[in-house]
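Results of the structural survey
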2 protein chains.
Amino acid sequence: MIDLRRLRLLREVHVRGTLHAAAEALGYTPSAVSQQLSVLEREAGAPLLERVGRKVRLTEAGQVLVVHADALLEGVDAAAAEVAAVSAGRLAGVVRVAAFQSAFLRIVAPTVAALAEQHPAIRVEATEREVEQGVPELRLHRLDVVVGDEYEDQPRAIHPELQREVALRERITIVLPAGHPLAAARRIRLADLADLPWAACQPGTGHHEMHLRACRQIGGFEPDIRYTSDDFLILLEMVRTTGAGALLPDLVVGFDPPGVVARPFASGGVGREVFLLTRRSRTPTVQAVVDGLVVAAGAAAPAR
Amino acid sequence: MIDLRRLRLLREVHVRGTLHAAAEALGYTPSAVSQQLSVLEREAGAPLLERVGRKVRLTEAGQVLVVHADALLEGVDAAAAEVAAVSAGRLAGVVRVAAFQSAFLRIVAPTVAALAEQHPAIRVEATEREVEQGVPELRLHRLDVVVGDEYEDQPRAIHPELQREVALRERITIVLPAGHPLAAARRIRLADLADLPWAACQPGTGHHEMHLRACRQIGGFEPDIRYTSDDFLILLEMVRTTGAGALLPDLVVGFDPPGVVARPFASGGVGREVFLLTRRSRTPTVQAVVDGLVVAAGAAAPAR
DNA sequence: GTCAATTGTTCAGTTATCGTGAACAGATGA
DNA sequence: TCATCTGTTCACGATAACTGAACAATTGAC
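Residues numbered from 1 in each chain as written. Chains lettered and ligands numbered in written order. Predicted model: local features only at pLDDT ≥ 70, side-chain atom pairs only at ≥ 80, totals over all residues. Heavy atoms only, no water.

Time to look at the environment of L190(B). All names here are of chain B. With respect to the helices and strands, the residue L190 is situated in the loop between β6 (162-177) and β7 (197-200). Sequence separation between L190 and I218 is 28 residues; the distance between their C-alpha atoms is 6.8 Å. What L190 contacts, discounting residues up to four positions off in sequence, is I174, W198, A214, C215, I218, G219, F221, L247 and F265. (Helix = DSSP H or I, 4+ residues; strand = E, 2+ residues; numbered from the N terminus. Contact = heavy atoms within 4.5 Å.)

Okay, structure coming up:
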């Protein structure tokens, strides 16, 4: 097992160039530094230093190790800081969140704002990412929370070392341009829209599948999906300007975007679930962020 | 300074639930474990364990610390493994590379293939990302190499702790649909294309700026940029199908895509530089990847 | 309920590790 | 050439780590 204090020694030698300087900087004698570095070489199983003139230089193995040393020493500092903060009663640390677009806008963003007041020592880092991309990074500890979605009847497999938590259940609505003849109706029969061009996400996505299935099973027609983009805001804009229709979750139309109307299905309909994924072991800090996301999701869900 | 062996003890206690089991697993007596954990609590400045019945459980601070412990212990293992590999003469370790689209396709992908043979113990992880997004992650040690581009007369500022290396200098060519009247010419005067619609990257990008500047200064006209996308392959497709023109780097048209022709400027012209960014301290492993990228960039540059 | 078994803790004593300081060898530059 | 810098080695004292026994608290079988 490589010892951290010895790694700190190695880093200091790397930075200062001589054992004497490193020894002085850390309050040791050169003798101690020399001996400890010998031990480190035994631990690492490779020579780390080579003498050049009367100075000393790191070997390749030494350079490799010193890079890791930097990361590790930074890591223990972060650990100590977080423990100190947590034991002082406040939550702290970095939590990395990934979310798909609409959840990012309507759930993650308000959560960040709320947590900034509630737990100022928590630093939330957020990225837009689809679930498929996020899950491997979650398992590699590069993300802490992934916000994903799942349409009715399209259950996703979940990895056993991950934990899933429902943030929001919502209905899919039919979105039409404000000027459409049926826009005034309170509810809309999908079958009446068989001739409409549609805007949906790219083929292969859950949304595209849901769109096809809904039109076939509820509407009884094969939809003319003419515009595709994975950006829901683009889909909304296509509806507004081109006269196409779209099937969008409440979360997206919750903006009440101008120029379009959102109406529920006259019968049946489709649901969507927004969920949070984390590793099974949650720190209190991650838990606080998860709690914040659940609250924000509840607030984002429009009353129906 | 928190000691790693004590962290390993803590983790073992967390996993196994009792000091005895942890002691047995690691070859200590329960007495030693108890004493060392007391020391760890002093080091961490917070109680980490609480007795529940005759077993023991981690406090909040303990749980926080054990998460960091996992990451740190994994880190030392990775460090030891990489040092062992390097000192055995072969390069090893994970190198994370980010590149913009065309560099990803034409430089990073071939590099990955070449390195897989040359240094099988190097694991290259690649992501598509623009320079602006990549630089902060580079500084946070979440990326090791960023491949970026820079158009003539638009120098980017570079952070002092980063190192920049030119991979490729190339010329911008005028790309026209194969059926265009001027497609047969060997060289093309930009001024002759004043009435053409154009496809370019989004406003605000270096490419868009370059496009405007070239048309104004070399062609003497204000271009009608009708189609914008940051995806060069989409731009090419727009040229092929809609009859628009584009100003694209050799790297993009090096594909010799069907249905379009690429011609140099009749006079003057614009250059682009593809460069690599790394932190100043490169391990031999990172250096090997950088070398591989430079070679691949050279191979990707079409002869002129 | 009682008692053996199991848990964590504490204490003294031993062992291993870490540090100092002096003595040494090689390299540098006045 | 020689004083001065470098890193290394050695013996020895100081510190830390570990063991083993004794102890208190809890649990579960009888």
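Moving on, we get to the packing of helix α2 (residues 19-26) of chain A against helix α3 (residues 30-44) of chain A. Residues and elements named next belong to chain A. Across the interface, α2 lies against α3 with an axial gap of 8 Å and an inter-helix angle of 105°. Comparing the axis directions of α2 and α3 gives the class roughly perpendicular. On the side of α2, the interface is formed by L19, H20 and A23, while α3 contributes P30, V33, S34 and L37. Classifying every residue of the contact of α2 with α3 by side-chain character gives five nonpolar, two polar and no charged. (Axes fitted to C-alpha atoms, helices over the stretch in contact; angles between N-to-C directions. Parallel < 35°, antiparallel > 145°, perpendicular 65-115°, else oblique. Nonpolar A, V, L, I, M, F, W, Y, C, P; charged D, E, K, R; others polar.)

If you rotate chain A by 180° and push it 0.0 Å along the axis, it lands on chain B with an RMSD of 0.2 Å. What we have between these two chains is a two-fold relation. Using C-alpha coordinates, one finds that chain A approaches the rotation axis most closely at L72(A), a distance of 3.2 Å. Mapped onto chain B, 100% of the interface residues of chain A again fall at the interface, so both copies present the same surface. (Least-squares fit on C-alpha atoms with pLDDT ≥ 70 in both.)

The subject of this paragraph is the protein's contact with DNA strand D. As a matter of local geometry, DNA strand D sits amid 18 residues, with L19(A), H20(A), R54(A), T29(B) and S31(B) nearest to it. Between Q35(A) and DNA strand D, the recorded distance is 3.0 Å, taken from a side-chain N or O atom to a base nitrogen. Here a sugar or linking oxygen of DNA strand D sits 3.3 Å away from a polar atom, N or O, in the side chain of R51(A). Looking at the surface near DNA strand D element by element, the count peaks at four residues for helix α3 (residues 30-44) of chain B. Class assignment of the residues belonging to the surface near DNA strand D gives a composition of three nonpolar, 11 polar and four charged. (Near = heavy atom within 4 Å. Polar contact = N/O pair within 3.5 Å; in protein donor to acceptor, adjacent residues only side chain to side chain.)

What follows deals with the interface of chain A and chain B. Often, the extent of an interface is quoted as the loss of accessible area on bringing the components together. On the side of chain B, 35 residues touch chain A, which itself brings 34 residues to the contact. Regarding the contact of chain A and chain B, the summed buried area is about 3,200 Å², with carbon and sulfur atoms giving 71% of it. Area buried by chain A at its contact with chain B is led by M1(A), V64(A) and V83(A), which between them contribute 19% of it. Across the contact surface, chain A and chain B share two salt bridges. Counting residues per element, the ones that place at least two in the side of chain A that touches chain B are α1 (4-16) and α4 (60-87) of chain A. Here the residues of the side of chain A that touches chain B sort into 18 nonpolar, six polar and 10 charged. (Buried area = accessible area lost by both parts, 1.4 Å probe. Salt bridge = Lys/Arg side-chain N within 4 Å of Asp/Glu carboxyl O.)

A few words now on the environment of A69(A). Residue and element names in this part refer to chain A. Relative to the helices and strands, A69 is located in helix α4. Its relative accessible area of 0% is what places A69 among the buried residues. A sequence separation of 14 residues divides A69 from K55, and the C-alpha atoms of the two residues are 21 Å apart. (Buried < 20%, exposed > 50% of the residue type's maximum accessible area, 1.4 Å probe, protein only.)

With that settled, the discussion passes to the pattern of salt bridges. According to the stated counting rule, one finds 48 salt bridges over all chains in the structure shown. Close ionic contact of R156(A) with E132(A) constitutes a salt bridge, the shortest N to O distance being 2.7 Å. A residue pair is termed long-range when its members are at least 10 positions apart, and R156(A) in the loop between β5 (145-151) and β6 (162-177) and E132(A) in helix α6 (residues 131-139) qualify at 24 residues. Residue class for R156(A) comes out partly exposed when judged on its relative accessible area of 31%. R171(B) serves as the salt-bridge partner of E152(B), at 3.6 Å between the closest nitrogen and oxygen.

Now for the packing of α1(A) against α4(A). All names here are of chain A. Two numbers describe how α1 lies on α4: the axes approach to 9 Å, and their chain directions differ by 120°. Classified by the interaxial angle, the pair formed by α1 and α4 is oblique. Crossing angle aside, the handedness with which α1 passes α4 is left-handed. When α1 is examined against α4, the residues L4, L7, R8, L10, R11 and H14 are found in contact with a partner set consisting of G62, L65, V66, A69, D70, L72, L73 and V76. Broken down by class, the residue content of the contact of α1 with α4 amounts to nine nonpolar, two polar and three charged. (Left-handed = near helix turned anticlockwise from the far one by under 90°.)

Our next topic: the nonpolar core. The biggest cluster of nonpolar side chains holds 55 residues, and the ones touching the most others in it are L10(A), L65(A) and L65(B). The contacts of L65(B), once residues within four sequence positions are left out, are A79(A), V83(A), I2(B), L7(B), L10(B), L40(B), A44(B) and L48(B). If you look at the next biggest cluster of nonpolar residues, it comprises 33 residues, including L176(A), L196(A), L212(A) and L236(A). (Core = buried A, V, L, I, M, F, W, Y, C linked by side-chain atoms within 4.5 Å.)

This next bit is on the packing of aromatic side chains. Across all of its chains, the model carries zero aromatic pairs over all chains by this definition. Lying across the ring of F275(A), R164(A) places its NZ or CZ 4.2 Å from the centre. (Phe/Tyr/Trp six-rings, centres within 6.5 Å; stacked < 30°, edge-to-face > 60°. Lys NZ or Arg CZ within 6 Å of the ring centre and 35° of its normal.)

Let us look at the protein's contact with DNA strand C. The full set close to DNA strand C counts 18 residues, and T29(A), S31(A), L19(B), H20(B) and R54(B) are the nearest of them. Sugar and phosphate atoms constitute 64% of the interface atoms of DNA strand C, taking the interface as everything within 4 Å of the protein. Separating a base oxygen of DNA strand C from a side-chain N or O atom of S31(A) is a distance of 2.6 Å. Here S34(B) contributes a side-chain N or O atom positioned 3.1 Å from a phosphate oxygen of DNA strand C. Elements with a contribution of two residues or more to the surface near DNA strand C: α3 of chain A together with α2 (19-26) and α3 of chain B. No other element matches the four residues that α3(A) contributes to the surface near DNA strand C. When the residues that make up the surface near DNA strand C are grouped by side-chain class, the tally is three nonpolar, 11 polar and four charged.

Let us now look at the layout of surface pockets. Residues and elements named next belong to chain B. In this model, the second largest pocket occupies a volume close to 290 Å³. Around the second largest pocket sit 14 residues that line it, and L19, S34, L49, R51 and V56 are the ones nearest its centre. Among the elements of the structure, α2, α3, β1 (49-52) and β2 (55-58) are those that each provide at least two residues to the lining of the second largest pocket. Counting residues per element, the lining of the second largest pocket draws most heavily on α3, at five residues. A class-by-class count of the residues in the lining of the second largest pocket yields five nonpolar, five polar and four charged. (1 Å grid on protein atoms, 1.4 Å probe; cavity = no way out; pocket = protein on both sides within 12 Å on 5 of 7 lines; lining within 4 Å. Points joined across faces, edges and corners; volume = space filled by probe spheres on them.)

The values reported here are purely geometric and, on their own, carry no functional implication.
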